[in-house]
Amino acid sequence: MKQSNTTEQKMNSIRAGILGANDGILTTCGVLFSTSIASGNLTLIFLTGISNLFACALSMGSGEFMSVSSQRDLEQQLIKKESNKLRNNRKEQLFQISKYYQNLGVSKELADETSKHFSNPIQELLENNYNIELGHAVSPISAALFSLIFALIFGSLPLLFMCISPEHLRLPLTLIGCLISSNLVTYLSGKLSNSFTFKSLIKNTIFVLICILANYIFGYLI
Amino acid sequence: MGKKISIVGKSNILRAAVMGANDGLISIGALSVGVANSNMSKFNIEIAIISAILAGMISMAIGELVSVSAESNAEHKIIESSTAEYKNNKEKVVDFLVSKYMQKGLNKHLASLLVADLLKTQAVRTYIQIKYGFDMNDTVNPIFAAIASFIAFPIAGSIPLLPILFNFGINRLIVIFMTVLISLIVIGYLAAKVSGYNTSKVIGRNLIFGSFSMLITCLIGGLI
C-alpha cells in the first residue's frame, strides 16, 4: 500500500473504468439478444442497443462520481470531527491509541508508552478506527470519466459486430464480439492488478454465456 | 483495497441494494426517454424497456459478483502470501513493521518492542491488519451483495416504465422525466442515510446526473 498518491489515484480510476466496461458490454449484448429474440425488428434492436449503451455509460459514470465523491465527503467529515474532538484532548487521544494496541495483544505499559510517541496522533487514530489515510483522496471526476468512456468503447464492440455481420450470422457474431470485448477487459484488469490467470478468462467466458443465455430466455418470455 | 470498503463494510449489502436501485433508475430512465423520443410504436418501446431492465439486472448482479469476488480473491491472496512470508522470512516482516513505526515517530528501541509484542499473538492477522488495513477474520462475502442489487435494480428500473404502460394523457416524456426525478430524490435520501453521506449533496448530485443522462439519451433518440 506504499504507493505514491498519483499511482493509487490512477489505479482507482482504472478500476472504475473496468467496472464500467463490464457493465457496458453485458447490458448492450443482453439487450441486443433479448430484443432480437422478442421482436426481430432491426430498427428496434439497433435503437434500443444504442440508447442502452449511452444510458448505461451515463449511469455508470454518474454512479461512480456519486460513490467516490460521497465517500470523500464522508471521510473529510470524519477527519474534521475526530480532529476537532481530539485536538484539545490529548489524554483521550493517547487512551484510544493505547487501547487499540492493547486489543492487538500489546501489554498495557508498552501501549501507553508507545502512544506518547506518535508524531501525528490524529492520523494514527483515523487510520486505526476508520482506515482513513490522510492525503489519499481519489478524484471523482477522473473515476467517472474512466467509467463512462470505457463503458462506451467496450460496449460499442458487440454493437459494431452486429452492424457489420450478414443477417443469418447476426447473433453468433454479436456473441463473438461480446466475448472478445469482455475477455479483453478481463485480461487488462488482470494484468493491471498482477493477478492474471487463464482461469479468470474461462470464468469470465462462463459468466458472459450465462448472462446471454438468461437474456435469450427472457427474450422468449416477453 | 480493503481500505475503501471498510468504513461501510457493515452495510455492504444495503449499500449494494441502494446503488443497484439508483443505477436502475438512472439507466432505465435515460433509456426510456431515448426510445420514447423516437418514432417507435408503444409496443416496441415497451419491449425495449423491459429488455433493458432484464439485461441491466443480470449485468448488475454479475458485475457485483465479479467485483466483490475479485476483491475477496485479492484478500485471500494477501492472506496466503503474508502467511508464507511470515513463516519463511520472519525477519523481513519484523523489519517492515519496525520501519513503519519508526516513520510514525517511534524510536528504534520502542518500535522493536512494540512489534515484538504485536507479533506475539495472532502474528499474521496483526501483520495484515497493519500492512493492508483489513481483518482476515472478516473478509467480504460476495453473494448477498449480488442478490441485493439483482432485486433492487428491476424494482427501481420499472418506475420509468409506468408512465408508458399507463398513458396519462400528458406528454409522456415530461411524465417520465418527473417520475424519475422524484424517485431520484427518494433514493438519494436513502443512499445518504444508509452510508452516512451528506443528504442534500447526494440528492443534488443525483438530480443533476439523472437529468443530464436523460437529456443526452433524449437527444440521441430524437436523432435516430
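Refer to the structure presented above.
Definitions and limits used
- Residues numbered from 1 in each chain as written.
- Chains lettered and ligands numbered in written order.
- Predicted model: local features only at pLDDT ≥ 70, side-chain atom pairs only at ≥ 80, totals over all residues.
- Helix = DSSP H or I, 4+ residues; strand = E, 2+ residues; numbered from the N terminus.
- Rg over C-alpha atoms; globule rule 2.2 N^0.38 Å.
- Buried ≥ 20, exposed ≤ 12 C-beta atoms within 10 Å, placed from the backbone.
- Contact = placed C-beta atoms within 7 Å.
- Nonpolar A, V, L, I, M, F, W, Y, C, P; charged D, E, K, R; others polar.
- Axes fitted to C-alpha atoms, helices over the stretch in contact; angles between N-to-C directions.
- Parallel < 35°, antiparallel > 145°, perpendicular 65-115°, else oblique.
- Left-handed = near helix turned anticlockwise from the far one by under 90°.

Caption draft 1: Inspection of the overall build of chain B at higher detail. Across its full length, chain B holds ten helices and zero strands. Counting from the amino terminus, chain B carries its helices and strands in the arrangement α-α-α-α-α-α-α-α-α-α. Rg of the C-alpha trace for chain B: 24 Å, well past the compact-globule value of 17 Å for 224 residues, more than 25% over. Judged by the C-alpha coordinates and their principal axes, chain B covers about 80 × 30 × 30 Å. Taking all 224 residues of chain B together, 45% fall into the buried category.

Caption draft 2: Seen up close, the interface of chain B and chain A. Facing 62 residues of chain B, the contacting portion of chain A comprises 54 residues. Contributing elements (two or more residues each) for the side of chain B that touches chain A: helix H1 (2-6), helix H2 (12-36), helix H3 (42-88), helix H5 (108-118), helix H6 (123-132) and helix H10 (199-223) of chain B. Taken together, the residues of the side of chain B that touches chain A sort by class into 29 nonpolar, 23 polar and ten charged.

Caption draft 3: Broad picture of the environment of A:Thr27. Tracing the backbone through its elements, the reader meets A:Thr27 in helix H1 (residues 5-38). Take A:Thr27: there are 34 C-beta atoms within 10 Å of it, and that puts it in the buried class. Once the C-alpha coordinates of A:Thr27 and A:Leu53 are considered, the two residues, 26 residues apart in sequence, prove to be 7.6 Å apart. Every residue in contact with A:Thr27, bar those within four places of it in the chain, is listed here: A:Asn52, A:Cys56, B:Ala55, B:Gly56 and B:Ser59.

Caption draft 4: Representation of the environment of A:Ala214. All names here are of chain A. Structurally, Ala214 is set in helix H8 (residues 198-221). Take Ala214: there are 20 C-beta atoms within 10 Å of it, and that puts it in the buried class. Along the primary structure Ala214 and Ser34 are separated by 180 residues, whereas in three dimensions their C-alpha atoms are 8.9 Å apart.

Caption draft 5: Highlighting the packing of helix H2 (residues 42-87) of chain A against H10(B). Where H2(A) meets H10(B), the axes come as close as 10 Å, and the angle between the chain directions of the two elements is 165 degrees. As far as their axial angle goes, H10(B) and H2(A) are roughly antiparallel. For the crossing formed where H2(A) meets H10(B), the hand is right-handed. In this structure, H2(A) contributes A:Ile50, A:Ser51, A:Phe54, A:Ala55, A:Leu58, A:Ser59, A:Ser62, A:Phe65, A:Met66, A:Ser69, A:Ser70 and A:Asp73 to the contact, and H10(B) contributes B:Lys201, B:Val202, B:Arg205, B:Asn206, B:Phe209, B:Ser213, B:Ile216, B:Thr217, B:Ile220 and B:Gly221. Each residue belonging to the contact of H2(A) with H10(B) can be placed in one class, and the counts come to ten nonpolar, nine polar and three charged.

Caption draft 6: Representation of the packing of helix H6 (residues 140-164) of chain A against helix H7 (residues 170-192) of chain A. Residues and elements named next belong to chain A. Here H6 crosses H7 at 160 degrees, and the two axes come no closer than 8 Å. In terms of their interaxial angle, H6 and H7 are classed as roughly antiparallel. The handedness of the crossing between H6 and H7 comes out as right-handed. Of H7, the residues touching H6 (which contributes Phe154, Leu157, Pro158, Leu160, Phe161 and Met162) are Arg170, Leu173, Thr174, Ile176, Gly177, Cys178, Ile180, Ser181 and Val185.

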